[in-house]
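Per-entry structural report
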Amino acid sequence: MKDPIESRLKLAKWLCEKLGEEALRYFERLDTLAVESKGPQDRVTEADRNVETLARKTILEHFPDDGVIGEEHEPTEGSSGYDWVIDPIDGTNNFVSGIPVWTNVLACVEGSRIVAGVIHDPNMNEMFYCRAGGGAFLNGEPIEASRATSLGEGILGMGFSRHSDPEAIARIIEVVMNREGSITKNGSGALSLAYAACGRFIGFLEFHMNAWDCLAGLLMIQESGGNAANLDVKSMLASGGQVVVGGPGLIEEIDEIVRSALAS
């Protein structure tokens, strides 16, 4: 009998490669790309919509009873108990600006449990993937979250949008710098979570992320030995939420910094 999670992870890895190839074709002809604005600093392109359509079509060809939840189209309900949560291009502002820092993201959820995730960076030919209880990997090699115990030992990733409180952001940056840390924003929350999972970032925080941007990365953090503070998958699926992750030696400090900044 086939392992239902492994079957879905295998498809997700293969599909992300195909989605990456398709997205790169659009990225190489940005001058002809149709771009729309959904709001300040919130853009969508024909590439986003078409790549998500390809993802949905392929998933339902292989698993017709699964549900699909994505950023650009209405959810498709399933009956199997498995739901795919997808973002065809995470980092659209980078994408349309010609900055090669964006990624394809697929997660698979069973009820309120994340069971598999893939974050694929076609620009760097890097595929991060994981399954619940099976570890996390980059191009086939196991990855591990940072073992840093102080902010000064690495770089903390951060995400923010027009919905974020600018004063809280400033307070976080001030605290991190005062503790001899470094902080950066790369424009792709999903890729930042993958970087935290493999130890390139000592942690990552964002006041609000949507489920399709973060579920794959949140499982990846846990499977690589890191921690996610206050993770509620049901709530994340319903309306998104705050994301705070880090290695075991720093998660409490990072979470405290965020809570203090929001409370001030």
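Below you will find a few notes about this structure. Remember, predicted model here, so these are calculated numbers, not experimental data. (Residues numbered from 1 in each chain as written. Predicted model: local features only at pLDDT ≥ 70, side-chain atom pairs only at ≥ 80, totals over all residues. Heavy atoms only, no water.)

Some details on the overall build of the protein
- Counting its regular elements, the protein contains eight helices and 14 strands.
- Relative to a compact globule of 264 residues, whose C-alpha radius of gyration would be 18 Å, the protein shows 18 Å and is just as compact.
- Taking the principal axes of its C-alpha atoms as reference, the protein extends roughly 50 × 45 × 30 Å.
- Across the 264 residues of the protein, 52% fall into the buried class.
- Within the protein, counting contacts between residues at least 6 apart in sequence, those at least 24 apart form 62% of the total.
- Surface summary for the protein: the accessible area is close to 11700 Å², and the carbon and sulfur share equals 48%. (Helix = DSSP H or I, 4+ residues; strand = E, 2+ residues; numbered from the N terminus. Rg over C-alpha atoms; globule rule 2.2 N^0.38 Å. Buried < 20%, exposed > 50% of the residue type's maximum accessible area, 1.4 Å probe, protein only. Contact = heavy atoms within 4.5 Å. Areas by Shrake-Rupley, 256 points an atom, 1.4 Å probe, with all protein chains shown as cover.)

Description of helix α1 (residues 4-27)
- Counted at 1.5 Å a residue, the expected span for α1 with its 24 residues is 34 Å, and the 34 Å between its end C-alpha atoms agrees.
- The complete set of buried residues in α1 reads I5, R8, L9, L11, A12, L15, C16, L19, G20, A23, Y26 and F27.
- Those residues of α1 hidden inside the fold are in contact with α2 (46-62), β4 (82-90), α3 (92-96), β5 (103-110), β6 (113-121) and β7 (126-131).
- Two or three places before I5, at the opening of α1, D3 has a side-chain oxygen 3.0 Å from that residue's backbone nitrogen. (Expected span 1.5 Å × (residues − 1). Polar contact = N/O pair within 3.5 Å; in protein donor to acceptor, adjacent residues only side chain to side chain.)

Concerning the nonpolar core
- I119, F128, L215, L218, M220, V243 and V245 are the most contacted members of the largest nonpolar core, which totals 37 residues.
- A per-element tally of this core places helix α6 (residues 211-223) first, with nine residues.
- If near-sequence neighbours (up to four positions away) are discounted, F128 is found in contact with G117, V118, I119, F137, L138, I143, L191, A194, Y195, C198, R200 and M220.
- Listed in part, the 31 residues of the second largest apolar core include A12, I89, V115 and Y129. (Core = buried A, V, L, I, M, F, W, Y, C linked by side-chain atoms within 4.5 Å.)

Quick notes on the sheet that holds strand β9 (residues 141-142)
- In spatial order, the strands read β3-β4-β5-β6-β7-β8-β9; together these seven strands make up an open sheet with mixed pairing. For this open sheet the edge positions go to β3 (67-70) and β9, each flanked by a neighbour on one side alone.
- Bridge analysis of strand β8 (residues 136-138) against β9 gives two bridges, and the strand direction is antiparallel. Within β9, the position partnered with L138 by the bridge is E141.
- Docked against the sheet, α2 engages β3 and β4, running at close to 155° with respect to β4.
- Running at roughly 100° to β6, helix α5 (residues 189-197) makes contact with β4, β5, β6 and β7 of the sheet. (Pairing = 2+ DSSP bridges. Axes fitted to C-alpha atoms, helices over the stretch in contact; angles between N-to-C directions.)

Here we look at the pairing of strand β14 (residues 241-246)
- Within β14, five of the six residues are buried, which leaves it mostly tucked inside the rest of the structure.
- Direction of pairing for strand β13 (residues 227-228) relative to β14: antiparallel, over a ladder of two bridges. Bridge pairing in β14 links N227 to G246.

A short note on empty space enclosed by the protein
- By the definition in use, this model includes one cavity of 30 Å³ or more.
- Empty space within the largest cavity amounts to approximately 30 Å³.
- Lining the largest cavity are L218, A228, A229, N230, L231, M236, Q242, V243 and V244.
- Element by element, the count of residues in the lining of the largest cavity is highest for β14, at three residues. (1 Å grid on protein atoms, 1.4 Å probe; cavity = no way out; pocket = protein on both sides within 12 Å on 5 of 7 lines; lining within 4 Å. Points joined across faces, edges and corners; volume = space filled by probe spheres on them.)

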